Amino acid sequence: MAGIYIHIPFCNSKCAYCGFYSIASQKQKSAFLEALHSEIAQRTDYLKGEEIDTIYFGGGTPSILSIEEIKGILECVSRHNKVNPAAEITLEANPDTLNPEYLQGLRKLGINKLSIGIQSFFDDDLKYLSRRHDANHARQCIGWAKQAGFDNLTLDLIYGLPTATSEKWSQNLDLFFETGAQHLSAYALTVEPNTIMAKQITAGKLQPVNEDDAVREYEILCQRAKENGFLHYEISNFAKPGFRSKHNCSYWNRTPYAGFGPSAHSFDGTSRQWNVDNISQYIEYEINPSPNTTNPSPITKEILMPEQAYDEYVMLKLRTAWGIDLKYMEREMGKRFSDYCLKQAQILIAQGKVTQTREFLHLTDAQMLFADGIAETLFWE
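Residues numbered from 1 in each chain as written. Predicted model: local features only at pLDDT ≥ 70, side-chain atom pairs only at ≥ 80, totals over all residues. Heavy atoms only, no water.

## As for the sheet that holds strand 15 (residues 360-363)
Across the sheet, 3 strands lie side by side as 13-15-14; this open sheet has antiparallel pairing. Every interior strand has two partners, whereas the edge strands, strand 13 (324-325) and strand 14 (354-357), have only one. (Pairing = 2+ DSSP bridges. Helix = DSSP H or I, 4+ residues; strand = E, 2+ residues; numbered from the N terminus.)

## A closer look at the nonpolar core
Residues Ile6, Phe57, Ile73, Leu114 and Ile324 are the most contacted members of the largest nonpolar core, which totals 90 residues. For Ile73, the residues in contact, after removing those within four places along its chain, are Ile6, Ile8, Leu33, Leu36, His37, Ile40, Phe57 and Leu65. Among the nonpolar cores identified, the runner-up in size contains 12 residues, and Ala16, Cys18, Tyr128 and Leu189 belong to it. (Core = buried A, V, L, I, M, F, W, Y, C linked by side-chain atoms within 4.5 Å. Buried < 20%, exposed > 50% of the residue type's maximum accessible area, 1.4 Å probe, protein only. Contact = heavy atoms within 4.5 Å.)

## A few points about the packing of aromatic side chains
Here the structure, examined in full by the defined rule, presents 17 aromatic pairs. Ring centres 5.8 Å apart and planes at 75° place the aromatic pair Tyr310 and Trp380 in the edge-to-face group. Of this pair, Tyr310 sits in helix 11 (residues 306-318) while Trp380 sits in the segment after helix 15 (371-378); the two residues are 70 residues apart in sequence, bridging distant segments of the chain. Accessibility expressed as a relative area gives 25% for Trp380, which makes it partly exposed. Pairing Tyr340 with Trp380 gives two aromatic rings, centres 4.6 Å apart and planes at 55°, and the pair type is tilted. Of this pair, Tyr340 sits in helix 13 (residues 335-350) while Trp380 sits in the segment after helix 15, placing them 40 residues apart in sequence. Here the aromatic cluster, defined as three or more aromatic residues joined through ring pairs, consists of Tyr310, Phe337, Tyr340 and Trp380. Taking NZ or CZ as reference, Arg43 lies 4.9 Å from the ring centre of Tyr46, over its face. A cation over an aromatic ring shows up here: Arg272 above the ring of Phe267, its NZ or CZ 4.0 Å from the ring centre. (Phe/Tyr/Trp six-rings, centres within 6.5 Å; stacked < 30°, edge-to-face > 60°. Lys NZ or Arg CZ within 6 Å of the ring centre and 35° of its normal.)

## Points about the state of the cysteines
By definition, a disulfide links the sulfur atoms of two cysteines through a covalent bond. Inspection of every chain in the model, using the stated rule, returns 0 disulfides. There is no disulfide at Cys249, and the cysteine sulfur nearest it, in Cys222, is 17 Å away. (Disulfide = S-S within 2.5 Å.)

## Here we look at unusual backbone geometry
In this chain, Gly59 is followed by Gly60 through a cis amide linkage whose omega measures 20°. Relative to the helices and strands, Gly60 is located in the loop between strand 2 (52-59) and helix 2 (67-80). Phi is positive for Arg254, which is not a glycine, with a value near 60°. Along the polypeptide, Arg254 turns up in the loop between helix 9 (246-252) and strand 9 (257-260).

## Observations regarding the side chain of Ser120
Relative to the elements of secondary structure, Ser120 occurs in the loop between strand 4 (113-119) and helix 4 (123-128). Ser120 sits in the buried class, given a relative accessible area of 0%. The residues touching Ser120, leaving out its near neighbours within four places in the chain, are Asp125, Leu126, Leu157 and Asn172.

## Looking at the pattern of salt bridges
A full pass over the atoms with the stated rule returns 15 salt bridges. Between Glu69 and Lys29 there is a salt bridge, and its shortest N-O distance comes to 3.3 Å. Of this pair, Glu69 sits in helix 2 while Lys29 is found in helix 1 (residues 29-42), placing the two residues 40 residues apart along the sequence. Accessibility classification places Glu69 together with Lys29 in one group, the buried group. Beyond isolated ion pairs, a larger network of salt bridges with shared partners links Asp124, Asp125 and Lys168. (Salt bridge = Lys/Arg side-chain N within 4 Å of Asp/Glu carboxyl O.)

## Notes on the environment of Gln147
Tracing the backbone shows Gln147 in helix 5 (residues 135-147). Residue Gln147 is classed as exposed on the basis of its relative accessible area, which comes to 67%. In this structure the C-alpha to C-alpha distance between Gln147 and Pro100, which are 47 residues apart in sequence, comes to 8.2 Å.

## Here's the deal with the packing of helix 11 against helix 15
For the pair helix 11 and helix 15, interaxial distance at closest approach is 9 Å and the crossing angle is 145°. Crossing of helix 11 against helix 15: the hand is right-handed. Between helix 11 and helix 15, the contacting residues are Tyr310, Val314, Met315 and Leu318 on the first element and Ala371, Asp372, Ile374, Ala375 and Leu378 on the second. Here the contact of helix 11 with helix 15 is built from residues that sort into 8 nonpolar, no polar and 1 charged. (Axes fitted to C-alpha atoms, helices over the stretch in contact; angles between N-to-C directions. Left-handed = near helix turned anticlockwise from the far one by under 90°. Nonpolar A, V, L, I, M, F, W, Y, C, P; charged D, E, K, R; others polar.)

## Considering helix 5
Over its 13 residues, helix 5 runs 19 Å from end to end, which matches the ideal 18 Å to within 8%, given 1.5 Å per residue. Of all the residues in helix 5, the buried ones are Ala135, His137, Ala138, Cys141, Ile142, Trp144 and Ala145. Against helix 3 (100-109), strand 4, helix 4, strand 5 (153-159) and helix 6 (166-179) lie the buried residues of helix 5. Residue Asp134 occupies the N-cap position of helix 5, its side-chain oxygen lying 3.3 Å from the main-chain nitrogen of Asn136. Looking one or two residues beyond helix 5, the residue adopting positive phi is Gly149, at roughly 105°. (Expected span 1.5 Å × (residues − 1). Polar contact = N/O pair within 3.5 Å; in protein donor to acceptor, adjacent residues only side chain to side chain.)

## Quick look at the pairing of strand 15
When strand 13 meets strand 15, the two strands line up antiparallel, connected through 2 bridges. Opposite Ile324, over in strand 15, you have Leu361 as the bridge partner. Sheet topology note: the strand 14/strand 15 ladder contains 4 bridges and is antiparallel. Bridge pairing in strand 15 links Gln356 to Leu361. A loop of 2 residues connects strand 14 with strand 15, the two strands running antiparallel in sequence, and Arg358 in this loop sits at a positive phi of about 55°.

Take a look at the structure:
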């Protein structure tokens, strides 16, 4: 099994907090689509003929594309790959790009999982985040999606906002649960370097983020999700039984996937590679794939050493409810790694940060927010 990720870099405007590669212009859209089709056709051997079980349109704003443009991409993927008829096909969407007809068109194409970037059900929060939609339109979009037949719906929310209190965050969660959506992705507001928000906070134009508030709201999130029957299966992801994101789980389980588009990452089981985060360079190379001094390959590749593969496995699995499988580690990586991991884990177990259940090491809900920092104790020296 394998997955495909497609990065659509276009947005109607750049959100202040966004650290992902995107551009607030569609001038190069036609050339980008030509380059994307070319890349998909040229990299048919990357996944070694594995059946494609998940396809994910991320961005940027994938829903900025027309129905015909998305159809063309899906047809291109199917021409050059063996796609499971029951594959999970996800498209990220922003409310300002959605209407009933468009959603119906997506569903007819076979898109069976929709991820809508709501971020908040309150207008002052959305204004702080420089979102283009308002709370009323967000609620309308959810209704339209359900009417179009989307019964696998995920909504994104952001907590830790300076414009919100813990009580207001609880209200946001109430409104989410009322929608009947099957999946919630909730992220702490993080001020990434060089973003518009970082510059505005430095200039005193926006309130800074309070980390203590974010931790308190995360605890509320975990408790409320549990009360409403949602499984907390990854730091930021909660799902009703049977509705976990198969595509995202493939990342955490180190399943091979191919990434297409500028800034997209790929993993073949032993190495990782990523495309240049520059649309002009990406287009120039993919339309004319003949590397030379003026047109270098846009792909950077890294073959993972055993120690790197170990660190990566620890970092990814500690983020999940399943945790680190020591038996898997011993079988796939060697006993020296599993012994080292268990030895280092004793420090964290004594601190109450990690628990051990048979051959698994995992975090409690309260500690999952700090997974990346805790993982450093387990990393290879």
